[in-house]
Amino acid sequence: MSDLAKEMSVVNAGSSVSVENMAHWNDFYNEVPAPLNYAEVISGVRKFIQDAKQECARVAVVTSGGTMVPLEQLTVRFVDNFSSGTRGAASTEYFLDEGYKVVFLNRQKSIQPYARHIPSVLDVLELDRETNVKVKSCHASKIQSVLESYEKYKSSCFAITYESLGDYLWLLKGISTELNSIGASGMLYLAAAVSDFYIPKNDMPEHKIQSDRRPEITFSLVPKMLRPLVKEWAPEAYIISFKLETDPNILLQKAEKALKLYQHNMVIANMLTTRKKTVTAVERTGEVVKIDNHDEDKEIESLIVNLVKEKHSKYIQELSAKSPFP
Ligand code: PAZ
């Protein structure tokens, strides 16, 4: 069965879910409307990227969090992809530390850079005897150092939120097209967990699905957007996708297959249960680097960002050596 035209049917206890053929990527955009603020967001991204270009800074587009797929037009129920957003938020901080400007495309209410280090307001604040609000002394120094980093980097990070799969894919297309204007200095770091299935609007019930009978839900396959991303939207950028699996026997095979099919630069393969301790970076050149984090005080994202920064530098050098212009 080809990757472009697979048909499958999954029957779960008590309900039936089937998946139909994959459409061309363009059909998806004809069928699913852009987010209402699309033009405004993309013009903000354009300005951010042009400013980075003036400063000769590299730009990393970091995607983060899971996409939501509505089951009803007036949505009560939806299907979600697993991702807390830790990978994207932590990586964003390390990219900023390394001097990158970051476009942070993140799922609404997912884990946020810097804020992730601070516990909830109800835990860190207290009333003193005069009923003034103050930060508990045990949290003060941590909050101060987080705020200092946030202040230092906040103008270097352009954050955009999405919720649905449709919004995510529209924004990814718009942002990566803008990123192409800085050529090899741009990087896409696609850590978001993106649904492979969706329901086209014409197949979606308007109202809440009723429970008087077993629901029958037919999903369509989402076109593989890495294809136009690499070939059309941002052909000059350094592109890294992530691959999440639960079966260790297929993980590396799937990473290699994706690189062969889409011809981007790197796949970072990880398992659901061990993703915070170990990942494997597979390059299109065939090089495989396993990253294991044995240091309790370190986050694996710092090691991943070190590696991808080094590979990105090499990529920029190779492309500039090929270019006829200095
Ligand atoms: O967001 P998180 O830190 O909880 O998890 C990160 C991740 C596992 C979603 C990410 O590393 C990843 O693999 N993203 C791609 C998922 C996919 O194969 O669609």
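Fair warning: this is a prediction, and the values are worked out from it, not measured in the lab. (Residues numbered from 1 in each chain as written. Predicted model: local features only at pLDDT ≥ 70, side-chain atom pairs only at ≥ 80, totals over all residues. Heavy atoms only, no water.)

Observations concerning the site of the ligand
Neighbouring the ligand are 15 residues, the closest being Ser-83, Ser-84, Gly-85, Leu-244 and Asn-270. Here an oxygen atom of the ligand and a backbone polar atom of Thr-86 are 3.5 Å apart. A distance of 2.9 Å separates an oxygen atom of the ligand from a polar backbone atom of Leu-244. For the ligand, whose unbound accessible area comes to 470 Å², protein coverage reaches 92%. Among the elements of the structure, α3 (86-97) and β13 (238-245) are those that each provide at least two residues to the shell around the ligand. Per-element accounting of the shell around the ligand gives the leading share, three residues, to β13. Class assignment for the residues of the shell around the ligand results in seven nonpolar, five polar and three charged. (Near = heavy atom within 4 Å. Polar contact = N/O pair within 3.5 Å; in protein donor to acceptor, adjacent residues only side chain to side chain. Areas by Shrake-Rupley, 256 points an atom, 1.4 Å probe, with all protein chains shown as cover. Helix = DSSP H or I, 4+ residues; strand = E, 2+ residues; numbered from the N terminus. Nonpolar A, V, L, I, M, F, W, Y, C, P; charged D, E, K, R; others polar.)

Looking at a nonpolar patch on the surface
A cluster of nonpolar side chains, namely Val-121, Leu-122, Leu-125, Leu-127, Val-133 and Val-135, defines an oily patch on the protein surface of about 590 Å² accessible area. Mapping Val-133 onto the fold places it in strand β8 (residues 133-135). (Patch = residues over 30% accessible without salt bridge, like charges linked within 9 Å, V, L, I, M, F, W, Y side chains within 5 Å. Salt bridge = Lys/Arg side-chain N within 4 Å of Asp/Glu carboxyl O.)

Topic: the packing of aromatic side chains
One pass over the full model with this rule turns up 15 aromatic pairs. Each ring, one from Tyr-189 and one from Phe-242, has its centre 5.0 Å from the other, and the planes form 75°; the classification is edge-to-face. Linking Tyr-189 in strand β10 (residues 186-190) with Phe-242 in strand β13, this pair joins segments that are 53 residues apart in sequence. Given a relative accessible area of 0%, Tyr-189 falls into the buried group. A relative accessible area of 16% places Phe-242 in the buried class. (Phe/Tyr/Trp six-rings, centres within 6.5 Å; stacked < 30°, edge-to-face > 60°. Buried < 20%, exposed > 50% of the residue type's maximum accessible area, 1.4 Å probe, protein only.)

Digging into the nonpolar core
If you look at the biggest cluster of nonpolar residues, it comprises 55 residues, and the most contacted ones within it are Leu-169, Ile-175 and Leu-188. Ignoring sequence-local partners within four residues, the contact set of Leu-169 consists of Phe-28, Tyr-29, Val-194, Val-222 and Met-225. Counting 29 residues, the second-largest nonpolar core is a separate cluster that includes Tyr-100, Met-266, Val-305 and Val-308. (Core = buried A, V, L, I, M, F, W, Y, C linked by side-chain atoms within 4.5 Å. Contact = heavy atoms within 4.5 Å.)

Some thoughts on unusual backbone geometry
Of note, the phi angle at Lys-109 is positive, near 70°, even though the residue is not glycine. Relative to the helices and strands, Lys-109 is located in the loop between β6 (101-107) and α4 (121-124). With a relative accessible area of 81%, Lys-109 lands in the exposed category. Its identity as a non-glycine residue notwithstanding, Tyr-114 has a phi of 65°, on the positive side.

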